[in-house]
Amino acid sequence: MAQMASMIRRRLNRGDGAWAYAFIAVALTVFAVFTAYPVASAFIISFQQYSPMGSTFIGFDNYSDILSSDLFWKAIRNTVVYTVLTVPVALVLSFAVAIMIMPLKKWMQTTFKAIYYLPAVASGVALSVVWLWIFDPLPNGILNQLIGWFGISNQNWLGSSSTSMFSLVLMSWLSSHGTSIIIYVAALLGIDDSYYEAAEIDGATFLQKMWHIVIPCLKPTTLFLLVTGVIGSFQVFQNAYLMTGGGPNHSTTMVGLLIFDTAFKYFEFGKAAAQSLILAFIIALISFFQFKFMGKDVEY
């Protein structure tokens, strides 16, 4: 009897395994076709002078050309500057808005979260058209009218090397932070009320509660938003492409835009593949150090 029961259990286990593989087959197929295969193809193409009619293997020439290109390093520098100026500010603004939403009633919290998240579902092209209107260099441009009240002359916000990067950064600061706000609100709601009750008994002030309770409890959420924010900012493309096209004088050329231009403007697909792999390596390296130095005491 024991041997028969063991045999039945083994057959059932094999059946469960087959069903498990059947359920994940679709997801594995999608991953293989749309992620694994393109990455493998990009790796192979990066060592070639690619042409649809026939490619030539050129070894590491694409990589050496990229690493010796002043434009590539300028794009890296622009991307780093954009990331440093936008990601921390986005975290602070999202956290501040989430804190202000928390004391409100449930229906008001839902309303404000919907309002803040609404720009995230809007068309990026439509939002860029609005921002082009705001940055209009003529006197009737919204931003020029605003600074005109303070006696400052008109600025060519997107057409000048001295203001073009600031314009993209300002656009990021004032754009949608809805996703981060919703995540922060959810994390705040997950903090146990007993912490606040104990702090109130001890006579803790609002700032003390923030420093000793809220910020430590939100560290996993902050790390998640920081990592994903840095990844997103290093891959930024839409804003630079639609607002400035990378100009003037490549002052707003980001790595993502450079890869696009290399592939679809100059048709150097092998070099574009190499650029994308270098960018992926940089992002992976930054993410590794973020987890290593900021995620030591983080529990999920």
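The following refers to the structure shown. Just so it is clear, the structure is predicted and the values come from calculations on it, not from any experiment.

## Some points on the overall build of the protein chain
When helices and strands are tallied, the protein chain shows 14 helices and two strands. Against the globule reference of 19 Å for 300 residues, the protein chain gives a C-alpha radius of gyration of 25 Å, more extended than a compact globule. For the C-alpha atoms alone, the extent of the protein chain along its principal axes is close to 90 × 75 × 35 Å. Burial statistics for the protein chain: of 300 residues in total, 35% are counted as buried. When contacts within the protein chain are restricted to residue pairs at least 6 apart in sequence, long-range pairs at least 24 apart make up 66% of them. Only carbon and sulfur atoms are counted for the fraction: they give 70% of the accessible area of the protein chain, which is about 18,600 Å². On the protein chain, the mean spot of the 15 positive side-chain charges and the mean spot of the 14 negative ones are 9 Å from each other.

## Description of the side chain of T86
Note that T86 resides in helix 3 (residues 70-101). Here T86 falls in the buried class, since its relative accessible area comes to 4%. At 2.6 Å, the side chain of T86 and the backbone oxygen of Y82 are in polar contact. Setting aside chain neighbours within four positions, we find T86 in contact with V169, S172, W173 and S233.

## A closer look at the pattern of salt bridges
Tallied over the full model, the rule gives two salt bridges. Notably, a salt bridge pairs K209 with E200, separated by 3.2 Å at the nearest N-O pair. Look at K209 and you get buried, because its relative accessible area is 17%. Given the relative accessible area of 52%, E200 is considered exposed. The partner of E268 in a salt bridge is K271, and the shortest N-O contact between them spans 3.5 Å.

## Observations regarding the nonpolar core
If you look at the biggest cluster of nonpolar residues, it comprises 37 residues, and the most contacted ones within it are F95, Y184, L188, V214 and L218. The element contributing the most residues to this core is helix 3, with 10 residues. Leaving out residues up to four positions away in the same chain, L218 has contacts with F95, Y184, A187, L188 and I191. W157, L158, M171 and M243 belong to the second-largest nonpolar core, a separate cluster that totals 18 residues.

## Re the packing of aromatic side chains
One pair of aromatic rings is described through two measures. These are the centre distance and the angle between the planes. What the rule picks out here adds up to 19 aromatic pairs. Taking 5.5 Å as the distance between ring centres and 45 degrees as the angle between the ring planes, the aromatic pair formed by F47 and Y63 counts as tilted. Pair noted here: F47 is in the loop between helix 1 (2-45) and strand 1 (48-49) and Y63 is in helix 2 (residues 61-67), with a separation of 16 residues, a long-range link. Take F47: its relative accessible area is 14%, and that puts it in the buried class. Through a chain of ring-to-ring contacts, three or more aromatic side chains come together here, namely Y50, F237, Y241, F260, F264, F267 and F269.

Conventions and cut-offs
Within each chain, residues carry numbers counting from 1 in the order of the written sequence. Two thresholds apply to this predicted model, a pLDDT of at least 70 for residue-level local features and 80 or more for giving and counting side-chain atom pairs, whereas whole-chain, interface and lining totals are computed over all residues. The side-chain values count all of the structure's non-hydrogen atoms but skip hydrogen atoms and water molecules. What counts as a helix is a DSSP run of H or I of at least four residues, what counts as a strand is a run of E of at least two, and both are numbered from the N terminus. It is over C-alpha atoms that the radius of gyration is taken, and the globule rule equals 2.2 Å times the number of residues to the power 0.38. The rule is simple: take the accessible area with a 1.4 Å probe, protein chains only, and divide by the maximum for that residue type; under 20% is buried, over 50% is exposed, in between is partly exposed. When checking whether two residues touch, look at their non-hydrogen atoms; a contact exists if any pair is within 4.5 Å. To measure how exposed things are, a 1.4 Å probe is used in the Shrake-Rupley method; for residues, cover is taken only from the protein chains shown. By the counting rule applied here, Lys and Arg register as positive and Asp and Glu as negative, while His and the ends of each chain are not counted. By convention, the point assigned to a charge is CZ for Arg, NZ for Lys, CD for Glu and CG for Asp. Polar contact is defined as a pair of N or O atoms within 3.5 Å, subject to the rule that within protein one atom must be able to donate a hydrogen and the other to accept it, and that residues adjacent in sequence are counted only when both atoms are side-chain atoms. A carboxyl oxygen of Asp or Glu within 4 Å of a side-chain nitrogen of Lys or Arg is what we treat as a salt bridge. Among buried residues, the Ala, Val, Leu, Ile, Met, Phe, Trp, Tyr and Cys ones that are joined through side-chain atoms within 4.5 Å form a nonpolar core. Within 6.5 Å between ring centres, the rings of Phe, Tyr and Trp (the latter by its six-membered ring) count as paired, and their orientation is classed by plane angle as stacked under 30 degrees, edge-to-face over 60, tilted in between.

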